Amino acid sequence: ARRDAGGASLYRRNADAFATRMQQLQEGLHARFAPLRNAPLIAYHDAYQYFEQSAGLRHRGSLTPEPEQKPGARHVLEMAQRVQKEGIACLLSEPGADTALAARIFGRQAYRVAAVDELFVGVPRGPEGYAAGLQNMAGEIQRCLTGKP
């Protein structure tokens, strides 16, 4: 707004509209995931923590502490034990992630994968792009938690 004083009021209106839209979206996420609050999930790595917190999801760990590093044997064992003990059946992952690690941790237990596009690559750009990306993410996670298409 400092560089374009003539457009300052438009920028403020747009920012206010965006803030209102994000508040509505957050309230919608809380309502959407309320019935699933006790359903545990794990993530490939801790990339979704803000979304999980915002939606009230029950994050129970990550397959790998850092996406660039392979986890140690102790971590793999701890996660495998947690998955079995808690009946975790939903894994949040980005497209193209290493599925061999997930197979080792889940073992014979059936599980679903939410291929979450956290960069919103498949979302059209524009004023509603961010909200649409979050809605897409929510849909993938909801399908993973419920097992319903």
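Look above for the structure.
Residues numbered from 1 in each chain as written. Predicted model: local features only at pLDDT ≥ 70, side-chain atom pairs only at ≥ 80, totals over all residues. Heavy atoms only, no water.

Undergrad: So what exactly am I meant to see when it comes to the environment of Leu134 here?
TA: Structurally, Leu134 can be placed in helix H5 (residues 129–146). Given the relative accessible area of 12%, Leu134 is considered buried. Through-space distance from the C-alpha of Leu134 to that of Gln26 is 9.7 Å; in sequence the pair is 108 residues apart. With residues up to four places along the chain from it excluded, the contact list for Leu134 reads Met22, Leu25, Phe51 and Phe120. (Helix = DSSP H or I, 4+ residues; strand = E, 2+ residues; numbered from the N terminus. Buried < 20%, exposed > 50% of the residue type's maximum accessible area, 1.4 Å probe, protein only. Contact = heavy atoms within 4.5 Å.)

Undergrad: Even after reading the chapter, I still don't get the pattern of salt bridges, so can you show me in this structure?
TA: Side chains that carry opposite charge are capable of pairing whenever their charged atoms lie near each other. Applying the stated criterion to the full structure yields four salt bridges. For the salt bridge of Glu86 with Arg58, the shortest nitrogen-to-oxygen distance reads 3.8 Å. Residue Glu86 is located in helix H3 (residues 73–86), and its partner Arg58 is located in strand S2 (residues 58–62); the two are separated by 28 residues in the primary sequence. Owing to a relative accessible area of 32%, Arg58 belongs among the partly exposed residues under this scheme. Note that Glu140 is salt-bridged to Arg143, the shortest N-O span being 3.0 Å. Here Arg143 and Glu140 lie together in helix H5, a separation of three residues that amounts to about one turn. Residue Glu140 is classed as partly exposed on the basis of its relative accessible area, which comes to 27%. (Salt bridge = Lys/Arg side-chain N within 4 Å of Asp/Glu carboxyl O.)

Undergrad: Help me understand the state of the cysteines, please; the structure alone is not making it clear to me.
TA: What is meant by a disulfide is a covalent connection between two cysteines, made through their sulfur atoms. A full pass over the atoms with the stated rule returns one disulfide. Covalently, Cys90 is tied to Cys144 through a disulfide, its sulfur atoms 2.1 Å apart. Of note, the bridge from Cys90 to Cys144 carries an S-S torsion of about 130° and is right-handed in sense. Linking Cys90 in strand S3 (residues 90–93) with Cys144 in helix H5, this pair joins segments that are 54 residues apart in sequence. Under the relative-accessibility criterion, Cys144 is labelled buried at 2%. (Disulfide = S-S within 2.5 Å.)

Undergrad: Would you take a moment to explain helix H1 (residues 8–33) for this structure?
TA: In an α-helix there are 3.6 residues to a turn, and that puts residues three or four apart on one side. Counted at 1.5 Å a residue, the expected span for H1 with its 26 residues is 38 Å, and the 37 Å between its end C-alpha atoms agrees. All of the buried residues along H1 are Ala8, Met22, Leu25, Leu29 and Phe33. On the buried face of H1, the contacting elements are helix H2 (49–55) and H5. (Expected span 1.5 Å × (residues − 1).)

Undergrad: Help me out: how do you make sense of the pairing of S2 in this one?
TA: On any regular strand, side chains alternate: one points to one face of the sheet, the next to the other face. With three bridges joining them, strand S1 (residues 40–43) and S2 adopt parallel strand pairing. Each bridged residue has a counterpart across the sheet, and for Ala43 the counterpart in S2 is Ser62. In the classification by handedness, the crossover that spans S1, the intervening H2 and the parallel S2 is right-handed. (Pairing = 2+ DSSP bridges. Right-handed = clockwise from strand over helix to strand, strands pointing away.)

These values are about where atoms sit, not about what they do.
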